[in-house]
Amino acid sequence: MAVTCRGGLPVVERTPGCAADMSLYRNTVWFLKGMREYTKGGYEAAAKHFTAEDLQVDVTGRSYMITGANSGIGKAAALAIAKKGGTIHLVCRNKERAEEAQKEIISSSGNPSILVHLLDMSNPKEIWEFAERFKTENRLHVLVNNAGCMVNNRELTEDGIEKNFATNVLGTYILTSALLPALEKEDDARVVTVSSGGMLVQKLNILDLQFEKGTFDGTMAYAQNKRQQVILTEQWSKAYPKVHFSVMHPGWADTPAVRSSMPDFYEKMKNRLRTEEQGADTVVWLALSPAAKKQASGLFFQDRTSVSTHLPLASTHSSAGDEEKLLQTLQEMSQKFAIASGKL
């Protein structure tokens, strides 16, 4: 048996094959780490060392885009930033839920500058078109890549792309790449990507990015996607020095997705789960705080602190060649859809 993650949370499952021993080691070490650090208690322990002045800021006049912002971590981050005066662009799939979130954030923050944009992050052509249109109509200082999914059965989008990969990786890559020219025009531009500590159990598998081989495992696909997001952040930080990049783990939080998709786990862990606000805290810190900007670009954060992207002795480091191949593959895929959308 092995303990792995679903939506950043632990699930016990069987690990077949010759890699079972290493998988068991990774998952066990990760789970023990999670019980100590990813819970509400872990947040409360870390928060004792937070500097309150870090978030005593006024960001009126600055523009923030948050994907997947109608609930959970995204919505909590949007509200916190709205309270500091920022203009918030909520990027969501569902019109009704997005508009309801918009009303709630305006009411709670007293900030009327909350805008809704409808976008399916699994549709690459639509992302290109949205980003090109957005750049002509708006300024952007900070992009928060929060939207994500975990589909447990292998499903393809209308473009023939595995859905988890399309949303979590290709969609994030295209939106970020398309908006970088706008970000580079601004002072103190930032990109924050919400990943998962579950990526610690995965090594980049460049040979099967869309899980076409063997038995499909949505949990492992999700964790692999989150590993890919970490690598993208590291590579972007090298290529675009004008923009500050970061990636983070929100911990195990009590969100609507957890309650609906993992009711058994929720019942067992509900007294230990973080609140949505606790899960979003590091997103807000990375998006707003001058202290965060002083950190090196490209790091992985947990509770306002940069942490390792690998477990000890877990053999999850990838080669420079494999990381370059990931970027090359994503660039080739994204350009194909940019051409298809008429933007190139």
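What counts, and at which threshold
- For every chain, the first residue of the written sequence is number 1, and numbering continues from 1 onward in sequence order.
- Since the coordinates come from a predicted model, pLDDT governs what is reported: local features require at least 70, and pairs of side-chain atoms require 80 or more to be given and counted, while whole-chain, interface and lining totals use all residues.
- To get the side-chain values, take all heavy atoms of the structure and skip hydrogens and water.
- A run of H or I in DSSP counts as a helix once it spans at least four residues, and a run of E counts as a strand once it spans at least two, with each numbered from the N terminus.
- Buried, partly exposed and exposed residues are distinguished by accessible area as a fraction of the type maximum, computed with a 1.4 Å probe on protein chains only: under 20%, between the cut-offs, and over 50%, respectively.
- The contact definition used throughout considers only heavy atoms, calling two residues in contact when any of these lie within 4.5 Å.
- Computed by Shrake-Rupley with a 1.4 Å probe, the accessible areas treat only the displayed protein chains as cover when residues are assessed.
- Within this scheme the basic residues Lys and Arg register as positive and the acidic residues Asp and Glu register as negative, but His and the chain ends are omitted.
- Just so you know, the charge point we use is NZ for Lys, CZ for Arg, CG for Asp and CD for Glu.
- What makes a nonpolar core is a set of buried Ala, Val, Leu, Ile, Met, Phe, Trp, Tyr and Cys residues whose side-chain atoms join them at distances within 4.5 Å.
- Each residue carries a pLDDT value, the predictor's own confidence for that position, ranging from 0 to 100.
- Here a salt bridge means any side-chain nitrogen of Lys or Arg lying within 4 Å of a carboxyl oxygen belonging to Asp or Glu.
- To estimate how far a helix should reach, multiply one less than its number of residues by 1.5 Å.
- Arc definition: directions from the helix axis to the C-beta atoms.
- What qualifies as a polar contact is a pair of N or O atoms within 3.5 Å, subject to a donor-acceptor requirement within protein and to the restriction that residues adjacent in sequence count only when both atoms come from side chains.
- A pair of strands is treated as paired once DSSP finds two or more bridges between them.
- Each axis is a line fitted through C-alpha atoms, and for a helix only the stretch in contact is used; angles between axes span 0 to 180 degrees, taken between their N-to-C directions.
- Crossovers are described as right-handed under a simple rule: with the strands pointing away from the observer, the path leading from the first strand over the helix to the second runs clockwise.

A. Layout of the overall build of the protein chain. Summing up its helical and strand segments, the protein chain has twelve helices and ten strands in all. Along the three orthogonal principal directions, the C-alpha set of the protein chain runs to about 55 × 50 × 40 Å. For the protein chain, the residues scored as buried account for 56% of the 344 residues in total. Within the protein chain, contacts between residues separated by at least 24 positions form 75% of all contacts whose residues are at least 6 apart in sequence. For the protein chain, the exposed area adds up to about 15000 Å²; of that, 49% sits on carbon and sulfur atoms. Separation of charge centres in the protein chain, based on 40 positive and 39 negative side chains, amounts to 2 Å.

B. Just the nonpolar core, in detail. Formed by 40 residues in total, the largest nonpolar core has its most connected members in M65 and L175. When residues of this core are traced back to their parent elements, those giving at least two are α5 (124–137), α6 (163–183), β7 (189–194), α7 (218–239), β8 (243–248) and α12 (320–340). Sort the elements by how many residues they give to this core and α6 lands first, with eleven residues. Discounting residues that sit within four places of it in the chain, L175 has contacts with M65, T67, M121, I127, F130, A131, L143 and N145. Counting residues in each nonpolar core, the second largest holds 32 residues, with I66, I114, V284 and A287 among its members.

C. View of the confidence of the model for the protein chain. Looking at the protein chain as a whole, its pLDDT mean stands at 91, while 90% of the residues score no less than 70. Confidence drops under pLDDT 50 across residues 1–18; counting only partners more than four residues distant or on other chains, this segment forms 63 contacts.

D. Summary view of the pattern of salt bridges. Going through the model one piece at a time under the given rule, you end up with 13 salt bridges. As a salt-bridge pair, D188 and R62 come within 3.8 Å of each other at their nearest N and O atoms. Here D188 is found in the loop between α6 and β7, whereas its partner R62 is found in the loop between α2 (40–47) and β3 (63–67), with 126 residues between them in sequence. Of the residues examined, R62 reaches a relative accessible area of 16% and is grouped as buried. Overlapping salt bridges, with partners in common, bring together R62, D188, R190 and K293 in one network.

E. A look at helix α4 (residues 95–109). The end-to-end C-alpha distance of α4 is 21 Å, a good match for the 21 Å that 15 residues give at a rise of 1.5 Å each. Among the residues of α4, those classed as buried are A98, A101, I105 and S109. Looking straight down α4, one finds its buried side chains confined to an arc of 65 degrees; they lie on one side. Among the exposed residues of α4, those oriented more than 90 degrees off its buried face are E96, K103 and S107. Residues of α4 that are buried sit in contact with α3 (72–83), β4 (87–92) and β5 (114–118). Two or three places before E96, at the opening of α4, N94 has a side-chain oxygen 3.1 Å from that residue's backbone nitrogen. Phi turns positive one or two residues past the end of α4, at G110, with a value near 70 degrees.

F. Spatial organisation of the sheet that holds β8. As summarised here, the arrangement of the eight strands in space is β5-β4-β3-β6-β7-β8-β9-β10, forming an open sheet in which the pairing is mixed. Bordering the open sheet on either side are β5 and β10 (305–307), each of which pairs with just one other strand. On average, each strand axis in the sheet is tilted by 25 degrees relative to the strand beside it, whichever way the strands run. Inspection of the sheet shows β7 paired to β8 by six bridges, in the parallel sense. Along β8, the bridge assignment pairs V194 with M248. Along the sheet, α3 contacts β3, β4 and β5; its crossing angle with β3, the most-contacted strand, is approximately 170 degrees. Sheet strands in contact with α5 are β3, β4 and β5, and its direction is about 145 degrees off that of β5.

G. Region of interest: the pairing of β3. The element β3 is largely enclosed, with a buried count of five among its five residues. In β3, alternate side chains face the same way, and those of S63, M65 and T67 on one face and Y64 and I66 on the other are all buried. On the question of chirality, the crossover connecting β3 to the parallel β4 by way of α3 is right-handed. Two strands pair when backbone bridges link them, and β3 and strand β6 (residues 142–145) are joined in this way by three bridges, in the parallel orientation. From the neighbouring strand, Y64 faces β6, where its bridge partner is V142.

H. Highlighting α3. For α3, with twelve residues, the first-to-last C-alpha span of 17 Å sits near the 16 Å given by 1.5 Å per residue. Of all twelve residues making up α3, nine are buried, and the element is well covered by its neighbours. Among all positions in α3, only G72, I73, G74, K75, A76, A77, A78, I81 and A82 are buried. Within two residues after α3, G85 carries a phi angle of roughly 100 degrees, on the positive side.

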